[in-house]
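# Descriptive structure summary
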Amino acid sequence: MDDDNNIMNFINGEWRNSETLEYLNVVNPATQEILGKVPLSTINDIEAASQAAYKAYHEWRRIPPTERVQYLFKLKSLMEANFDNLARTITMECGKTFDEARGEIKRAIENIEVACGIPILLQGYFSEDIASGIDEFMIRQPVGVASVIAPFNFPGMIPFWFMPYALACGNTYIVKPSERVPLTMQKVFKLIEQVGFPEGVINLVNGAKVAVDAILDHPYIKAISMVGSTPIAKYIYSRAAANGKRAQCQGGAKNLSIVMPDADREMTTRVIADSAFGSAGQRCLATSLVLTVGEARDWFPDMICDNAAKRVVGYGLNPDVEMGPVITPQSKERIENIIEQGSKEGAKILVDGRGTVVEGYEQGNFIGPTLLGNVPTDGFVFKTEIFGPVLGMTHVIDIEEAISLINNHEYGNMACIFTSNGESARKFRYETEAGNIGVNIGVAAPMAFFPFSGWKESFFGVLHGQGRDAVEFFTQEKVVIERWPKEWTRKF
Ligand code: NAD
């Protein structure tokens, strides 16, 4: 462990050790090397961060937005200068390939860029003469201290769906990364230290449940953003609400894609394979099930099996590798059990990634791309988020049946259609009950200037992360009605 990997909290503009005695190992999922020990911070650590953020808030909100964004411009430049260094850390602690990790940092930076437009995004509106001589206007003011509770699968990007907007709007902030991948935020906060935000404006506290519960209960923290699994998202949403906080909680997913008989075969296969197996399927926008309509059954399964079987699995820092490991040995075991269960409930294992061993990385949590055919629509595999490189396929008669299966699914994060027919595409876009829709797109990830949507069990809240939604989430509207009678005006 080198100095860089001594994991600390960043509170009130300085690096501090947690007061905890409890630590977890941070482990490289490809090599099993221990990269660091993460402190499971205590209620007192959260208390210190909340006090610092609260104290800083009153000055920070008074700094004009045009000046607040100068700090973000500086952070963007520093992240660009340290791009590959940050991406390498993501690959090492999270397992995805270096290219995927670079894509993640790019997305993080795009959110800083959008937040830099806050001087215009923050504007309110004004109506003159709502009654004779009376004007009314709405101004946006920050909510106070806000916090993000992040998942393991995008250690560099997900805090940026929220943090830059919160700061630009005049809030102060606390980041709580996933305890499984804390190193990327350590590096980001080294850059934040260089930016020189005023003390307490932006804080980092590592930890797990104790730290999260302390955030949820702290009276100074007014807004919670969370991304993670559905049961935890629901828990965080309800505890935050019970404590009078606003919350936006993005949950798990099971993304279905429809392949129509008229889809472009080569592109559809390539794009769906990248969606299902990219980041080893550990993406909330990974395609997890394909519904083949009509004659699509005659070509899609063969073509995707071919693609899956050729995918190079290994350590993500090696240049030829196309797919890395899953996050933990427990996760690998869970996914392998689901494959077995799928087989027991009648699915056919067409490509089996279990037992994949990578030379030189024999201890890694690797599972090769896996394809299951004839997945029954009432079974466990159809209903459950797998979060691994497993793609199921089910055949349906027509687009109506396909849309109805999607609409009856409990999750609603993403749904995609592959077709060359505009009418099918429009029907799908119009009728499908999911928040992020792809038409001939495999990973329908909204750009930073659009909300990262999600419906049903995939999202709890009203306003999403990114773009205008984030600006609304991190501000409260103040409506002012003013009357200035003429007779009060002194004549000079
Ligand atoms: P997770 O729910 O285990 O953890 C998420 C966060 O919650 C972590 O910071 C963790 O410390 C905290 N947490 C975990 N258990 C807790 C508890 N009992 N009490 C309080 N806090 C707790 O999720 P994960 O495994 O890190 O991430 C994977 C999940 O995230 C998948 O389900 C995936 O679909 C989802 N995800 C969703 C989106 C989206 O946009 N909807 C994006 C990325 C990931």
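## Points about the overall build of the protein chain
Per the secondary structure count, the protein chain includes 16 helices and 22 strands. Since a compact globule built from 492 residues should have a radius of gyration of about 23 Å, the 24 Å found for the protein chain is in line with a globular shape. Counting only C-alpha atoms and orienting by the principal axes, one finds that the protein chain spans roughly 90 × 60 × 40 Å. In the protein chain, buried positions account for 58% of the 492 residues. Taking the contacts inside the protein chain whose residues are at least 6 apart along the sequence as the reference set, 74% of them involve residues at least 24 apart. Here the protein chain displays about 20,700 Å² of accessible surface, and carbon together with sulfur accounts for 51% of that area. Here the protein chain contributes 47 positively and 60 negatively charged side chains, and the mean placements of these two sets differ by 5 Å.

## Some thoughts on the pairing of strand S12 (residues 255–259)
Regular strands place side chains that alternate from one sheet face to the opposite one. When you tally the buried positions in S12, you get five out of five residues, the bulk of the element. Taking every second residue as pointing to the same face, both faces of S12 are buried, with Asn255, Ser257 and Val259 on one and Leu256 and Ile258 on the other. When S12 meets strand S13 (residues 287–293), the two strands line up parallel, connected through five bridges. For isoleucine 258, the partnering residue across the bridge sits in S13 and is leucine 291. Between the parallel pair S12 and S13, the chain is carried across by helix H10 (residues 265–277), and the sense of this crossover is right-handed.

## Quick look at the domain arrangement of the protein chain
If you check the domain split of the protein chain, you get domain 1 (9–251 + 458–479) and domain 2 (255–439). Its C-alpha centre places domain 1 at a distance of 31 Å from the equivalent point of domain 2. With 22 residues of domain 1 at the interface, the matching set in domain 2 holds 26 residues. Across the domain 1/domain 2 interface, buried area totals approximately 1,900 Å², and carbon plus sulfur atoms make up 62% of it. On inspection of domain 1 and its partner domain 2, the count reaches zero salt bridges. Where domain 1 meets domain 2, there are nine residue pairs in polar contact (both at pLDDT 80 or more). Elements represented by at least two residues in the side of domain 1 that touches domain 2 include exactly helix H3 (83–94) and helix H4 (98–115).

## Re the nonpolar core
Of all hydrophobic cores here, the largest spans 125 residues; its most connected members are Tyr173, Ile202, Ile258 and Phe474. Tallying contributions element by element places H4 first for this core, with seven residues. A domain split of this core shows at least three residues from each of domain 1 (9–251 + 458–479) and domain 2 (255–439). Grouped together as the second largest cluster of nonpolar side chains are 23 residues, Ala211, Ile215, Leu216 and Met226 included.

## Considerations on the site of the ligand
Neighbouring residues of the ligand: 28 residues in total, closest Ala150, Glu179, Ser229, Gln250 and Glu385. One nitrogen or oxygen atom from the main chain of phenylalanine 152 is found 3.0 Å from an oxygen atom belonging to the ligand. Note that an oxygen atom of the ligand is positioned 2.7 Å from one of the side-chain N or O atoms of glutamine 250. When the free accessible area of the ligand is taken as 840 Å², the share hidden by the protein chains comes to 89%. For the shell around the ligand, the secondary-structure elements that each account for two or more residues are helix H8 (209–217), strand S10 (221–227) and helix H9 (230–242). Partitioned by chemical class, the residues of the shell around the ligand number 15 nonpolar, eight polar and five charged.

## A closer look at the sheet that holds strand S14 (residues 348–351)
If you walk across this open sheet you meet the seven strands as S14-S15-S16-S13-S12-S18-S19, and the pairing is mixed. The open sheet has two edge strands with one neighbour each: S14 and strand S19 (436–439). Along the sheet, successive strands turn relative to each other by an average axial angle of 20°, direction set aside. Against the sheet, H10 contacts S12, S13, strand S15 (370–373), strand S16 (390–396) and strand S18 (414–418), and its axis sits at roughly 160° relative to S18. Helix H14 (residues 399–407) rests against S12, S13, S16 and S18 of the sheet, and its axis sits at about 155° to S13.

## Here we look at the side chain of asparagine 28
Along the chain, asparagine 28 turns up in the loop between strand S3 (23–27) and strand S4 (34–39). What makes asparagine 28 buried here is its relative accessible area of 0%. Of note is the side chain of asparagine 28, whose polar atom sits 3.4 Å from the backbone oxygen of methionine 92. A polar contact is formed between the side chain of asparagine 28 and the side chain of tyrosine 315, at a distance of 2.9 Å. Setting aside chain neighbours within four positions, we find asparagine 28 in contact with Glu33, Leu35, Met92 and Tyr315.

Cut-offs applied
Residues numbered from 1 in each chain as written. Predicted model: local features only at pLDDT ≥ 70, side-chain atom pairs only at ≥ 80, totals over all residues. Heavy atoms only, no water. Helix = DSSP H or I, 4+ residues; strand = E, 2+ residues; numbered from the N terminus. Rg over C-alpha atoms; globule rule 2.2 N^0.38 Å. Buried < 20%, exposed > 50% of the residue type's maximum accessible area, 1.4 Å probe, protein only. Contact = heavy atoms within 4.5 Å. Areas by Shrake-Rupley, 256 points an atom, 1.4 Å probe, with all protein chains shown as cover. Lys, Arg positive; Asp, Glu negative; His and termini not counted. Charge placed at Lys NZ, Arg CZ, Asp CG, Glu CD. Pairing = 2+ DSSP bridges. Right-handed = clockwise from strand over helix to strand, strands pointing away. Domains from an automatic or database assignment. Buried area = accessible area lost by both parts, 1.4 Å probe. Salt bridge = Lys/Arg side-chain N within 4 Å of Asp/Glu carboxyl O. Polar contact = N/O pair within 3.5 Å; in protein donor to acceptor, adjacent residues only side chain to side chain. Core = buried A, V, L, I, M, F, W, Y, C linked by side-chain atoms within 4.5 Å. Near = heavy atom within 4 Å. Nonpolar A, V, L, I, M, F, W, Y, C, P; charged D, E, K, R; others polar. Axes fitted to C-alpha atoms, helices over the stretch in contact; angles between N-to-C directions.

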